[in-house]
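Breakdown of the fold
Letter by letter, the chains look like this.
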Amino acid sequence: MYTQALNQQPESAPREADNAEAAARFQARIDAEERIEANDWMPEAYRRTLTRQISQHAHSEIVGMLPEGNWITRAPSLRRKAALLAKVQDECGHGLYLYAAAETLGTSREELVDQLLSGRAKYSSIFNYPTLTWADMGAIGWLVDGAAIMNQIPLCRCSYGPYARAMIRVCKEESFHQRQGYEIMLTLCRGNAEQKAMAQDALNRFWWPCLMMFGPPDTQSQHSDMSMRWKIKRFSNDELRQKFINATVPQAEILGLTLPDPELKQIDGVWHHGPIDWDEFHRVIAGGGPCNRERLAARRRAHDEGAWVREAAAAFAAKRAPKNQTEKQAA
Amino acid sequence: MPAASPLLRYVLRRADDALILGHRLSEWCGHAPMMEEDMALANMGLDLLGQARALYTYAGEVEGVGRNEDDFAYRRIERDYENLLLTEQPNGDFAHTMLRQFLYAAFAYPYWQAMMTSPDATLAAIAAKSEKEMAYHLRHSAEWMLRLGDGTAESHRRLAAALEILWPTTGELFTTDEGEQALIAQAIATDPESVRPQWTATVTQTLTQATIEIPAKAWMHTGGRQGRHSEAFGHLLTELQYVQRLIPNATW
Amino acid sequence: MPTPNTPIWEVFIRSRNGLAHKHVGSLHAADATLALQAARDLYTRRGEGLSIWVVPTASITASDPQDREMLFEPTASKPYRHPTFYEIPDEVGHM
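Presented here is an overview of the structure given in this document. Small disclaimer: the values here were computed from a predicted structure and weren't measured.

**Quick look at the overall build of chain A**
In terms of regular secondary structure, chain A is built from 14 helices and two strands. Against the globule reference of 20 Å for 331 residues, chain A gives a C-alpha radius of gyration of 22 Å, in line with a compact fold. By sequence separation, contacts in chain A at least 24 residues apart represent 79% of the contacts at least 6 residues apart. The averaged location of the 41 negative side-chain charges in chain A is 5 Å from the averaged location of its 41 positive side-chain charges.

**Re the overall build of chain C**
For chain C, the count of helices and strands is two helices and three strands. Starting at the N terminus, the α and β elements of chain C follow one another as β-β-α-β-α. Whereas a compact globule of 95 residues would reach a radius of gyration of roughly 12 Å, chain C reaches 21 Å, over 25% beyond that. Dimensions of chain C along its principal axes, counting C-alpha atoms only, are 70 × 35 × 15 Å. Sorting the 95 residues of chain C into buried and exposed places 28% on the buried side. Across chain C, contacts joining residues at least 24 apart in sequence account for 42% of those joining residues at least 6 apart. Accessible surface, chain C: about 6,600 Å² in total, of which carbon and sulfur atoms supply 57%. Averaging the locations of the 9 positively and 11 negatively charged side chains of chain C gives two centres separated by 10 Å.

**Comments concerning the interface of chain A and chain B**
Taken residue by residue, the interface counts 46 residues in chain A and 49 residues in chain B. Between chain A and chain B, the buried area comes to about 4,200 Å², and carbon and sulfur atoms account for 68% of it. Interface area lost by chain A to chain B is led by Leu78(A), Gln89(A) and Trp308(A), which between them contribute 19%. The interface formed by chain A and chain B contains three salt bridges. Asp150(B) serves as the salt-bridge partner of Lys319(A), at 3.0 Å between the closest nitrogen and oxygen. Summed over the shared surface of chain A and chain B, the number is 16 residue pairs in polar contact (both at pLDDT 80 or more). Mapped by element, the contributors of at least two residues to the side of chain A that touches chain B are helix H4 (65–69), helix H5 (78–103), helix H6 (109–117), helix H8 (161–189), helix H9 (193–212), helix H13 (292–305) and helix H14 (307–330) of chain A. At 13 residues, H5(A) tops the list of elements feeding residues into the side of chain A that touches chain B.

**Description of the interface of chain A and chain C**
If you look at the interface, chain A gives 27 residues, while chain C gives 27 residues. Roughly 2,200 Å² of surface becomes buried between chain A and chain C when both sides are summed, with 52% attributable to carbon and sulfur atoms. In this assembly, chain A and chain C are joined by six salt bridges. Ionic pairing is found between Glu48(C) and Arg169(A), a salt bridge with its closest N-O pair at 3.8 Å. Our count for the chain A to chain C interface comes out at 14 residue pairs in polar contact (both at pLDDT 80 or more). For the side of chain A that touches chain C, the elements supplying multiple residues, two or more each, are helix H1 (3–12), H5, H6, H8 and H14 of chain A. Looking at the side of chain A that touches chain C, the element that brings in the most residues is H5(A), giving eight residues. Of the residues in the side of chain A that touches chain C, the class split is ten nonpolar, eight polar and nine charged.

**Here we look at the sheet that holds strand S2 (residues 22–28) of chain C**
All names here are of chain C. One open sheet accounts for three strands, arranged S2-S1-S3; its pairing is antiparallel. Bordering the open sheet on either side are S2 and strand S3 (51–56), each of which pairs with just one other strand. On average, each strand axis in the sheet is inclined to that of its neighbour by 30 degrees, with strand direction left out of account. As defined by bridge partners, strand S1 (residues 8–14) adjoins S2 across six bridges and the pair is classed as antiparallel. Opposite Val 11, over in S2, you have Gly 25 as the bridge partner.

**So, the packing of helix H1 (residues 6–26) of chain B against helix H5 (residues 94–115) of chain B**
Residues and elements named next belong to chain B. In contact at an axis separation of 12 Å, H1 and H5 are set at 150 degrees when each is read in the N-to-C sense. Taken together, the axes of H1 and H5 are roughly antiparallel relative to one another. The chirality of how H1 crosses H5 is left-handed. Side by side, H1 and H5 meet where Tyr 10, Arg 14, Asp 17, Leu 21, Arg 24 and Leu 25 of the first sit next to Thr 97, Arg 100, Gln 101, Tyr 104, Tyr 111, Trp 112 and Met 115 of the second. Taken together, the residues of the contact of H1 with H5 sort by class into seven nonpolar, two polar and four charged.

**Comments concerning unusual backbone geometry**
Residue and element names in this part refer to chain A. Backbone geometry places Glu 33, a non-glycine residue, at a positive phi of 65 degrees. Secondary-structure assignment places Glu 33 in the loop between helix H2 (20–31) and helix H3 (44–63). Taking the relative accessible area as the measure of exposure, Glu 33 reaches 37% and is therefore partly exposed.

**Brief notes about the packing of aromatic side chains**
Overall, the coordinates contain 23 aromatic pairs over all chains when judged by the stated rule. With a centroid separation of 5.4 Å and an interplanar angle of 45 degrees, the aromatic rings of Phe214(A) and Phe244(A) are classed as tilted. Of this pair, Phe214(A) sits in the loop between H9 and helix H10 (224–229) while Phe244(A) sits in helix H11 (residues 237–255); the two residues are 30 residues apart in sequence, bridging distant segments of the chain. Just as Phe214(A) is buried, Phe244(A) falls in that class too. Between Tyr56(B) and Phe72(B), the ring centres sit 6.1 Å apart and the planes meet at 15 degrees, which makes this aromatic pair stacked. In this pair, Tyr56(B) sits in helix H2 (residues 35–63) while Phe72(B) sits in helix H3 (residues 69–74), placing the two residues 16 residues apart along the sequence. Neither Tyr56(B) nor Phe72(B) differs from the other in exposure class; each is buried. Taken together, Phe107(B), Tyr111(B), Trp112(B), Trp167(B), Phe174(B) and Trp199(B) form an aromatic cluster joined through their ring pairs.

**Here we look at the environment of Trp134(A)**
Here Trp134(A) lies in the loop between H6 and helix H7 (135–155). In this view, Trp134(A) contacts Trp71(A), Ala75(A), Pro76(A), Arg80(A), Leu84(A), Ile184(A), Leu188(A), Val243(B) and Trp252(B); residues no more than four positions away in its chain are not counted.

**Remarks on the packing of H9(A) against H11(A)**
To describe two helices that pack against each other, one gives the angle between their axes and the distance between the axes. All names here are of chain A. In contact at an axis separation of 12 Å, H9 and H11 are set at 175 degrees when each is read in the N-to-C sense. With respect to their mutual orientation, H9 and H11 come out roughly antiparallel. Only Arg 241, Phe 244, Ile 245, Thr 248 and Leu 255 of H11 make contact with H9, whose side of the interface consists of Lys 196, Trp 207, Cys 210, Leu 211 and Met 212.

**Quick notes on empty space enclosed by the protein**
All names here are of chain B. In this structure the tally under the stated criterion is one cavity of 30 Å³ or more. Considered as a void within the structure, the largest cavity measures approximately 60 Å³ in volume. Lining the largest cavity, in full, are Arg 14, Asp 17, Tyr 104, Phe 107, Ala 108, Tyr 111, Trp 112 and Arg 225. Residue assignment for the lining of the largest cavity shows that the elements contributing at least two residues are H1 and H5. Looking at the lining of the largest cavity, the element that brings in the most residues is H5, giving five residues.

Basis of the calculations
Residues numbered from 1 in each chain as written. Chains lettered and ligands numbered in written order. Predicted model: local features only at pLDDT ≥ 70, side-chain atom pairs only at ≥ 80, totals over all residues. Heavy atoms only, no water. Helix = DSSP H or I, 4+ residues; strand = E, 2+ residues; numbered from the N terminus. Rg over C-alpha atoms; globule rule 2.2 N^0.38 Å. Contact = heavy atoms within 4.5 Å. Lys, Arg positive; Asp, Glu negative; His and termini not counted. Charge placed at Lys NZ, Arg CZ, Asp CG, Glu CD. Buried < 20%, exposed > 50% of the residue type's maximum accessible area, 1.4 Å probe, protein only. Areas by Shrake-Rupley, 256 points an atom, 1.4 Å probe, with all protein chains shown as cover. Buried area = accessible area lost by both parts, 1.4 Å probe. Salt bridge = Lys/Arg side-chain N within 4 Å of Asp/Glu carboxyl O. Polar contact = N/O pair within 3.5 Å; in protein donor to acceptor, adjacent residues only side chain to side chain. Nonpolar A, V, L, I, M, F, W, Y, C, P; charged D, E, K, R; others polar. Pairing = 2+ DSSP bridges. Axes fitted to C-alpha atoms, helices over the stretch in contact; angles between N-to-C directions. Parallel < 35°, antiparallel > 145°, perpendicular 65-115°, else oblique. Left-handed = near helix turned anticlockwise from the far one by under 90°. Phe/Tyr/Trp six-rings, centres within 6.5 Å; stacked < 30°, edge-to-face > 60°. 1 Å grid on protein atoms, 1.4 Å probe; cavity = no way out; pocket = protein on both sides within 12 Å on 5 of 7 lines; lining within 4 Å. Points joined across faces, edges and corners; volume = space filled by probe spheres on them.

Next up, the structure:
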């Protein structure tokens, strides 16, 4: 709501260095669990951190449409087809809510999208893996959405009001996404041997990349300390990863599938996993995943091929604007 | 299998229209010119998939041999689909897709509106739901006709080019056969010909306002209603049916 | 070349008759008609609304957070605007 006003804010806001007092007041508000709103004074680093995080989150939703979009036309029943189309459409909607939240911090959506298309912005590494079989729709819904929900629920209490409100809406709408995926897996696992093998194969390919979705281990995470202090983040990467594993192991058992980690074992009620290949994580983030090029190329193509449509809409609006005004005056 | 009854064939044809057009719209997901329009295209696709499901389910009841919506949608051969050629036309650019939607919705909206009075209670109920959905598709696509036709020189050129390609598939909207004529005589089905004046008025008014010239009398393609499709249609089915054909007789 | 900005609109939805329109978020659209349609597709996918308003974001004037004390604190010292300020014997009942 405050986008316009905010566009001027970075210049008019008192500079951090000049204003240790403002910074202390800001931190006190955070400590008191007050929400920060778009027009409020905030440290530039807080603004930058949030702009980066929210826009990356938005990019992930939009790029995340592609791997699942790959199967909409091949969904094996009308029920599945409708559910998958609705789910991928939701992801677009969530991207839009998130871009809107990011814009309140003073950077336009167009600029944020340009950052994605030019390769300057990052998005979740998971979407750089290919979707090879129908079972991948099940694995993504169950595991990727499951991991996303673990990440997103604490964000509903994020200190930045517009982000927290967007996340509340997203979490409410996403509640069907994971169930949708798990139901696909369940149907495959109760089906014939070929279907069950398809489900196991999807789990094998998506398990480790899903664990990587929570980000590097706490010992290596560079943004965590400040984000925790600012209550942007409420749990560490490792804490969330652990929660996810604990929740997922029994779900896999019900499916009758084996998690592809021979070292996975329970000690005092907590599941301990084998080593995660962090080299792979860094390689995929840096552009070396199986589908990085395809994903960005697809978004660029949509953007470039849509340019004439956006131009037409803008040209039409410009032509009609004065005419509408005269009509109103006449009426 | 015995020849389909006129009612079964009538229901399947409308179901096929909705499925195939819905499927085409779903191909856009993730690739639209702006994200807001991605939302719109998916919503229209979901409306049509919903219509298809209701109609196929009813077809299964009419037929009475236990076929369900997926048996019809996924397990027939190319020649058994009898959708309008218009609905299967490839997406092309955004102008093609929106024009296809406009030309179809300008027909389907008044058609389903008329069908609401059918003595066949199931068809009347499906019509009541579809009529509202198609009214919105018409509203949305007509707004785009204005913007593309009267936007930039490029958008005008693209829309005009799309019209040249799609126009010859519009004649089929109004065709019927003997079986459908019998249903029309019993007032179970609406004669599509009765909707032609409204369709022509909507299309003429909107496209004229969009500064797009309507093609002079042209040769009109037919064949979709008899299962004779364009070559692109086989490829659409190849995708649509892939998983069902990969592991036949499985539950998904 | 950077992508040109499309105007931003704020979206307000009335979820039920009898309720006021409530701010739900924003979107981008070239004009008011497209904004209204986009609002319908983006913010009412689950039966959330019966009526939509879209307002150009640029036409909203917001109060400055720095004026918060000046604008809103003076009301804190006026308890006599609230019913609990007045003492009425219990036997009078609900008033």
